Amino acid sequence: MNEIITEDYYEGAGCTCYASSANECGCEGADWTPKEVYDLRGEVMALKALAESTANLAKSLKAERDEARDAIVGWENKWKCAIDMAARAELEREDAKDLAQQMSESNQVLQAEVRDYRKKERATS
Ligand SMILES: [Zn+2]
């Protein structure tokens, strides 16, 4: 039924009695199927194959779209994370600056105390 016939098919293929139609023919195995029937069957098969490949394409495009959507969500999360990290780093930098300022101040106090101590030591010796 689904056999693909060749271009040289003709109605009455296999007939050896020179009949002009199936009604007149008595040949065993002669094929009087109209050529259009085979052509249309071929077109149906081609269209089915096209429909199937279109469905497959749609399926793979859908999968790609889902993948891309997941990737975008991932990038958005990474971006948010990066912004959080940058904000935290900024705060830590401010803290470090404050700490450095405090250390510098206490260092000056210590230096002054050392100076005073040496002055007193020199005065007593
Ligand atoms: Zn015949």
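Going by the structure above, here's the rest.
What you see is a predicted model; the values in this text were computed from it and never measured.

### Section: the overall build of the chain
For step 1, the next point in the chain: Of the regular secondary structure elements, the chain holds 1 helix and 0 strands.
For step 2, the next point in the chain: Taken over the C-alpha atoms alone, the chain extends approximately 145 × 20 × 15 Å along its principal axes.
For step 3, the next point in the chain: Nonlocal contacts in the chain, meaning residues at least 24 apart in sequence, comprise 23% of its contacts between residues at least 6 apart.

### With respect to unusual backbone geometry
For step 1, the next point in the chain: Positive phi outside glycine occurs at tyrosine 18, with the angle close to 60 degrees.
For step 2, the next point in the chain: When you line up the elements, tyrosine 18 lands in the segment before helix H1 (35–124).
For step 3, the next point in the chain: Tyrosine 18 gets classed as exposed once you count the C-beta atoms within 10 Å, which come to 9.

### Considerations on H1
For step 1, the next point in the chain: Over its 90 residues, H1 runs 130 Å from end to end, which matches the ideal 134 Å to within 8%, given 1.5 Å per residue.
For step 2, the next point in the chain: In terms of burial, H1 is a largely surface element, 0 of the 90 residues being buried.

### As for the environment of serine 104
For step 1, the next point in the chain: In this structure, serine 104 sits in helix H1.
For step 2, the next point in the chain: By C-beta crowding, serine 104 is classed as exposed, having 10 other C-beta atoms within 10 Å.
For step 3, the next point in the chain: Once the C-alpha coordinates of serine 104 and threonine 33 are considered, the two residues, 71 residues apart in sequence, prove to be 104 Å apart.

What counts and what doesn't
Residues numbered from 1 in each chain as written. Predicted model: local features only at pLDDT ≥ 70, side-chain atom pairs only at ≥ 80, totals over all residues. Helix = DSSP H or I, 4+ residues; strand = E, 2+ residues; numbered from the N terminus. Contact = placed C-beta atoms within 7 Å. Buried ≥ 20, exposed ≤ 12 C-beta atoms within 10 Å, placed from the backbone. Expected span 1.5 Å × (residues − 1).

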